[in-house]
Amino acid sequence: MILAILLFFLIILSWQDYKEQMIYNAIPITGCVIGIICNYFANNFNNAFIGLCFGFIVLGVIYFAILKIKKFEGIGFGDVLTSAMIGAFLGVNETYLSLCFGFCLGFLFCFLFKKKKVALIPFFTFGVMITQILGVFYEIHVFNFG
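So, here is what we can say about the structure in this document.

The rules behind these values
Residues numbered from 1 in each chain as written. Predicted model: local features only at pLDDT ≥ 70, side-chain atom pairs only at ≥ 80, totals over all residues. Heavy atoms only, no water. Helix = DSSP H or I, 4+ residues; strand = E, 2+ residues; numbered from the N terminus. Phe/Tyr/Trp six-rings, centres within 6.5 Å; stacked < 30°, edge-to-face > 60°. Lys NZ or Arg CZ within 6 Å of the ring centre and 35° of its normal. Axes fitted to C-alpha atoms, helices over the stretch in contact; angles between N-to-C directions. Parallel < 35°, antiparallel > 145°, perpendicular 65-115°, else oblique. Left-handed = near helix turned anticlockwise from the far one by under 90°. Contact = heavy atoms within 4.5 Å. Nonpolar A, V, L, I, M, F, W, Y, C, P; charged D, E, K, R; others polar. Patch = residues over 30% accessible without salt bridge, like charges linked within 9 Å, V, L, I, M, F, W, Y side chains within 5 Å. Areas by Shrake-Rupley, 256 points an atom, 1.4 Å probe, with all protein chains shown as cover. Salt bridge = Lys/Arg side-chain N within 4 Å of Asp/Glu carboxyl O.

## Looking at the environment of F49
As for its placement among the helices and strands, F49 is situated in helix α3 (residues 45–70). Separated by 29 residues in sequence, F49 and G78 have C-alpha atoms that sit 19 Å apart.

Put into C-alpha coordinates, the structure is as follows:
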(Lines give C-alpha, C1' and ligand atoms only; values in the text may rest on other atoms or scores of the structure.)
Protein backbone atom coordinates (compact mmCIF):
# COMPACT_ATOMS: atom_id res chain seq x y z
CA MET A 1 0.00 0.00 0.00
CA ILE A 2 2.74 2.46 0.98
CA LEU A 3 4.75 1.58 -2.12
CA ALA A 4 1.69 2.07 -4.35
CA ILE A 5 1.16 5.58 -2.96
CA LEU A 6 4.84 6.42 -3.46
CA LEU A 7 4.79 5.14 -7.05
CA PHE A 8 1.64 7.18 -7.73
CA PHE A 9 3.43 10.35 -6.62
CA LEU A 10 6.62 9.42 -8.49
CA ILE A 11 4.80 8.75 -11.75
CA ILE A 12 3.08 12.14 -11.56
CA LEU A 13 6.37 13.87 -10.72
CA SER A 14 8.26 11.95 -13.42
CA TRP A 15 5.80 13.01 -16.08
CA GLN A 16 5.85 16.60 -14.85
CA ASP A 17 9.66 16.69 -14.71
CA TYR A 18 9.98 15.13 -18.17
CA LYS A 19 7.43 17.40 -19.84
CA GLU A 20 8.01 20.72 -18.07
CA GLN A 21 11.50 20.36 -16.54
CA MET A 22 9.86 21.72 -13.40
CA ILE A 23 8.28 20.30 -10.26
CA TYR A 24 5.50 21.98 -8.31
CA ASN A 25 6.77 21.82 -4.72
CA ALA A 26 3.33 21.11 -3.28
CA ILE A 27 3.34 17.56 -4.69
CA PRO A 28 6.54 16.23 -3.03
CA ILE A 29 5.81 18.15 0.19
CA THR A 30 2.36 16.54 0.32
CA GLY A 31 4.06 13.21 -0.41
CA CYS A 32 6.45 13.74 2.50
CA VAL A 33 3.56 14.34 4.89
CA ILE A 34 1.61 11.33 3.61
CA GLY A 35 4.71 9.12 3.76
CA ILE A 36 5.40 10.10 7.37
CA ILE A 37 1.76 9.53 8.34
CA CYS A 38 1.63 6.12 6.61
CA ASN A 39 4.84 5.01 8.31
CA TYR A 40 3.60 6.30 11.66
CA PHE A 41 0.61 3.96 11.45
CA ALA A 42 2.90 1.15 10.26
CA ASN A 43 5.09 1.67 13.38
CA ASN A 44 8.01 2.74 11.21
CA PHE A 45 8.06 6.46 12.01
CA ASN A 46 11.70 6.76 13.11
CA ASN A 47 13.08 5.12 9.97
CA ALA A 48 10.79 7.23 7.78
CA PHE A 49 11.80 10.45 9.51
CA ILE A 50 15.51 9.61 9.25
CA GLY A 51 14.96 8.68 5.59
CA LEU A 52 13.22 12.00 4.93
CA CYS A 53 16.10 13.91 6.52
CA PHE A 54 18.67 11.77 4.70
CA GLY A 55 17.04 12.30 1.30
CA PHE A 56 16.73 16.02 1.87
CA ILE A 57 20.24 16.53 3.22
CA VAL A 58 22.08 14.42 0.62
CA LEU A 59 20.51 16.08 -2.40
CA GLY A 60 20.32 19.43 -0.61
CA VAL A 61 24.09 19.44 -0.12
CA ILE A 62 24.60 18.58 -3.81
CA TYR A 63 22.08 21.24 -4.86
CA PHE A 64 23.65 24.03 -2.79
CA ALA A 65 27.23 22.98 -3.61
CA ILE A 66 26.57 23.15 -7.35
CA LEU A 67 24.69 26.43 -6.90
CA LYS A 68 27.58 27.94 -4.91
CA ILE A 69 30.39 26.66 -7.16
CA LYS A 70 28.85 26.85 -10.64
CA LYS A 71 26.37 29.70 -9.96
CA PHE A 72 23.45 27.76 -11.53
CA GLU A 73 21.12 24.93 -10.54
CA GLY A 74 22.73 21.64 -11.52
CA ILE A 75 19.73 19.80 -10.11
CA GLY A 76 16.42 21.38 -9.27
CA PHE A 77 15.07 21.92 -5.79
CA GLY A 78 12.12 19.72 -6.79
CA ASP A 79 14.61 16.84 -7.05
CA VAL A 80 15.72 17.57 -3.48
CA LEU A 81 12.13 17.52 -2.23
CA THR A 82 11.38 14.35 -4.19
CA SER A 83 14.34 12.54 -2.63
CA ALA A 84 13.03 13.61 0.78
CA MET A 85 9.61 12.22 -0.19
CA ILE A 86 11.22 8.92 -1.20
CA GLY A 87 12.92 8.84 2.19
CA ALA A 88 9.64 9.52 3.99
CA PHE A 89 8.08 6.49 2.32
CA LEU A 90 10.99 4.03 2.20
CA GLY A 91 13.32 4.88 5.07
CA VAL A 92 17.03 5.50 4.99
CA ASN A 93 18.37 2.18 3.61
CA GLU A 94 16.07 1.95 0.64
CA THR A 95 16.36 5.68 -0.04
CA TYR A 96 20.13 5.40 -0.21
CA LEU A 97 19.95 2.49 -2.64
CA SER A 98 17.19 4.12 -4.72
CA LEU A 99 19.17 7.32 -5.12
CA CYS A 100 22.33 5.39 -6.01
CA PHE A 101 20.50 3.38 -8.65
CA GLY A 102 18.74 6.51 -9.92
CA PHE A 103 21.95 8.50 -10.26
CA CYS A 104 23.74 5.59 -11.93
CA LEU A 105 20.91 5.11 -14.42
CA GLY A 106 20.81 8.85 -15.11
CA PHE A 107 24.56 8.99 -15.62
CA LEU A 108 24.46 5.96 -17.91
CA PHE A 109 21.63 7.49 -19.95
CA CYS A 110 23.51 10.79 -20.32
CA PHE A 111 26.68 8.97 -21.31
CA LEU A 112 25.04 6.68 -23.85
CA PHE A 113 22.82 9.30 -25.47
CA LYS A 114 25.24 12.25 -25.13
CA LYS A 115 22.76 14.34 -23.14
CA LYS A 116 23.84 17.30 -21.02
CA LYS A 117 20.54 17.80 -19.19
CA VAL A 118 17.87 15.23 -18.30
CA ALA A 119 14.88 15.00 -16.00
CA LEU A 120 16.19 13.28 -12.86
CA ILE A 121 12.97 12.12 -11.21
CA PRO A 122 12.18 9.40 -13.80
CA PHE A 123 15.54 7.85 -12.94
CA PHE A 124 14.73 8.08 -9.21
CA THR A 125 11.48 6.26 -10.01
CA PHE A 126 13.38 3.46 -11.76
CA GLY A 127 15.80 3.41 -8.82
CA VAL A 128 12.91 2.90 -6.40
CA MET A 129 11.49 0.10 -8.53
CA ILE A 130 14.87 -1.65 -8.81
CA THR A 131 15.40 -1.34 -5.05
CA GLN A 132 11.96 -2.81 -4.35
CA ILE A 133 12.50 -5.69 -6.78
CA LEU A 134 15.90 -6.47 -5.24
CA GLY A 135 14.38 -6.15 -1.77
CA VAL A 136 12.08 -9.08 -2.58
CA PHE A 137 15.08 -11.32 -3.22
CA TYR A 138 17.73 -9.84 -0.94
CA GLU A 139 17.53 -8.04 2.37
CA ILE A 140 20.13 -5.31 2.03
CA HIS A 141 21.03 -3.09 4.98
CA VAL A 142 23.49 -0.28 4.32
CA PHE A 143 22.76 1.49 7.59
CA ASN A 144 21.75 -0.32 10.77
CA PHE A 145 19.80 1.76 13.27
CA GLY A 146 18.09 -1.18 14.97
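On we go.
## Some thoughts on the packing of aromatic side chains
Within the structure shown, the criterion is met by 14 aromatic pairs. An angle of 85 degrees between the planes, with centres 6.2 Å apart, marks the rings of Y40 and F45 as edge-to-face. Each ring, one from F103 and one from F124, has its centre 5.5 Å from the other, and the planes form 80 degrees; the classification is edge-to-face. A residue pair is termed long-range when its members are at least 10 positions apart, and F103 in helix α5 (residues 92–113) and F124 in helix α6 (residues 121–137) qualify at 21 residues. One residue, K114, lies across the ring of F111, its end atom 5.4 Å from the ring centre.

## Quick word on the packing of α3 against helix α4 (residues 77–90)
In contact at an axis separation of 6 Å, α3 and α4 are set at 160 degrees when each is read in the N-to-C sense. Between α3 and α4, the interaxial angle falls into the category roughly antiparallel. In the crossing of α3 with α4, the sense of the turn from one axis to the other is right-handed. Facing N47, A48, G51, L52, G55, F56, L59, G60, Y63 and F64 of α3, the residues of α4 in contact are F77, D79, V80, L81, S83, A84, G87, A88 and L90. Among the residues forming the contact of α3 with α4, the class breakdown is twelve nonpolar, six polar and one charged.

## Observations concerning a nonpolar patch on the surface
A cluster of nonpolar side chains, I29, V33, I37, Y40, F41, F45 and F49, forms an exposed patch at the surface whose accessible area comes to about 720 Å². At the level of secondary structure, the elements contributing two or more residues to the nonpolar patch comprise α2 (26–41) and α3. Top element by residues in the nonpolar patch is α2. It accounts for five residues. Mapped onto the elements, F41 comes out in helix α2.

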